[in-house]
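Spelled out, the chains give:
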Amino acid sequence: MAQPRAVVIGGGIGGLTAACALHHHGWHVTVLERAAALEPVGAGIALAPNAQRALDTFGAGDAVRALSGWQADGGLRLPDGRWLSRTSNEAAARRFGGPVVVAHRADVVGLLAARLPEGAIRTGSPAALADPGAPDRPARVTTPDGDLEAELVVGADGIHSAVRAALFPGHPAPRYTGATVWRLVVPRPTTPFPAHETWGPGRLWGTVPLRDGRVYAYAQAVAPARAVSPGGELAQLRRLFGDWHHPVPDILDAADPAAILRNDVHTTARPLPAFHRGRVALLGDAAHAMAPNLGQGGCQAIEDAVVLAHALATAAPHDALGEYTRQRLPRTTAVVRRSARVARLTRLSSPLARALRTAALTTANRLGPRVALRGLDGVADWRPPGEDRHRDARAAFPTSQTSSSTTP
């Protein structure tokens, strides 16, 4: 029997995970990336235990765990430095089977790309879906180098997915949430600090150490769509966060203005009727854009990829894509909604609303880290289909060297 062919449109973390998982199951994969090189958008990514277990299905989980830097316990703070709640590494590991790994996106992209055969990734290769295919014919994709036919096309082309628009032309595109995010990586300040996320009036800041001695920082604030900051993005961050607690001012002082990334946050306006049509499957932001406030955008894309590959390994393509939609659509819809609820909490600006938020969080903190971690119940404890449940990932990744924070 001929080796089945898959074309993945999009070379981000979701697309590369799909390519790796399909390759693991015997598919011939081609990844088409519009950009001239695999230069990941964004500075850091949080990979919760659910994503790590998904990566275990094709042998990449431990390599990702090794990307985590040393992180002490962390939690939520106020701009003046007071703690709202704290979380424990050990509590996170007990509850979810491991902590969250926070790594630089470039490291994760490089790790996944290295698992694919030489020539599988074509950069500088914009692609368009010409025909979604059917049970009696392959799908067809157009590229500058000619058309490609395949038994499967994976649309992993992001929030503004052209593949999604081709499959469901009348469906509403993701909507702007009213908030924008900034991401940056800087050298670690000389004065120590704990990993944290800080909630202020209508805005937040997070700081997490990376493995290589640098710091990943992210910020979010309410802003008009497509706004341009007068004087540049660093000046805007100084206006919004310059008087917040350590290490925020030191990080801003160390920031390279040219390396600050800014992106408006979009979320799914209405769930798609399906994540597939013909021989095409959508995954990640192309299927279910979500706010970053649970740290699950990349994790859900990784889940999508391994569920899709497993379904295709255990059923005929038409049945497998239907099973993929049945498994992923309800779960990702729930995670999108949960992320939106947390995002609304972070954007509270009135003094009364913020006072009530502070009271609720400090009350929960008094009950211990187990309560603070409940927000990821049913999300971070997910296990992939076909998982070898006798494998204990925690043995390979001691909890004393990990973090329980969740970040965009």
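Up top you'll find the structure we're talking about.
Here the structure is a predicted model, which is why all the values come from computation and not from measurement. (Residues numbered from 1 in each chain as written. Predicted model: local features only at pLDDT ≥ 70, side-chain atom pairs only at ≥ 80, totals over all residues. Heavy atoms only, no water.)

## Overview of the overall build of the chain
Secondary structure summary: the chain contains 13 helices and 18 strands in total. In terms of overall dimensions, the chain is globule-like: its C-alpha atoms have a radius of gyration of 21 Å, near the 22 Å expected for 408 residues. Oriented by its inertia axes, the alpha-carbon framework of the chain measures out at about 65 × 50 × 35 Å. Taken over 408 residues, the chain has a buried fraction of 55%. Put simply, of all contacts in the chain between residues at least 6 apart along the chain, 76% involve residues at least 24 apart. For the chain, the accessible surface area stands at approximately 16,800 Å², while carbon and sulfur atoms represent 53% of it. Each charge class in the chain was averaged separately, 45 positive and 34 negative side chains, and the resulting centres sit 8 Å apart. (Helix = DSSP H or I, 4+ residues; strand = E, 2+ residues; numbered from the N terminus. Rg over C-alpha atoms; globule rule 2.2 N^0.38 Å. Buried < 20%, exposed > 50% of the residue type's maximum accessible area, 1.4 Å probe, protein only. Contact = heavy atoms within 4.5 Å. Areas by Shrake-Rupley, 256 points an atom, 1.4 Å probe, with all protein chains shown as cover. Lys, Arg positive; Asp, Glu negative; His and termini not counted. Charge placed at Lys NZ, Arg CZ, Asp CG, Glu CD.)

## Digging into the pattern of salt bridges
By the definition in use, this model includes 14 salt bridges. The partner of Arg 5 in a salt bridge is Glu 151, with the nearest N and O atoms 2.6 Å apart. Placement of the pair is Arg 5 in strand β1 (residues 5-9) and Glu 151 in the loop between β10 (146-150) and β11 (152-155), with a sequence separation of 146 residues. In this structure Glu 151 comes out as partly exposed when scored by relative accessible area, which is 23%. A salt bridge links Glu 303 to Arg 331; the nearest nitrogen and oxygen atoms lie 2.7 Å apart. Here Glu 303, found in helix α10 (residues 297-314), pairs with Arg 331, found in helix α11 (residues 317-346); they are 28 residues apart in sequence, far enough to count as distant. Relative accessible area serves as the criterion here: at 15%, Arg 331 is assigned to the buried category. (Salt bridge = Lys/Arg side-chain N within 4 Å of Asp/Glu carboxyl O.)

## Focus on the packing of aromatic side chains
All chains considered together, the criterion is met by four aromatic pairs. Aromatic side chains Tyr 216 and Tyr 218 sit 5.6 Å apart centroid to centroid with 40° between the ring planes, which places their arrangement in the tilted category. The class of Tyr 216 is buried, set by a relative accessible area of 0%. Here Tyr 218 falls in the buried class, since its relative accessible area comes to 2%. (Phe/Tyr/Trp six-rings, centres within 6.5 Å; stacked < 30°, edge-to-face > 60°.)

## Structural notes on the environment of Ala 254
One can find Ala 254 in helix α8 (residues 248-254). Exposure remark for Ala 254: the relative accessible area of 37% places this residue in the partly exposed category. In the structure, Ala 254 is positioned 144 residues away from Gly 110 in sequence and 26 Å away in space, judged by C-alpha atoms. When residues no more than four places from it in sequence are discounted, the contact partners of Ala 254 are Val 186 and Pro 187.

## A closer look at the nonpolar core
Leu 22 and Leu 112 are the most contacted members of the largest nonpolar core, which totals 94 residues. At nine residues, the largest contribution of residues to this core is made by α10. Residues within four places of Leu 112 in sequence aside, it is in contact with Ile 13, Leu 16, Thr 17, Cys 20, Leu 55 and Phe 58. Trp 205, Trp 244, Leu 252 and Ala 255 belong to the second-largest nonpolar core, a separate cluster that totals 19 residues. (Core = buried A, V, L, I, M, F, W, Y, C linked by side-chain atoms within 4.5 Å.)

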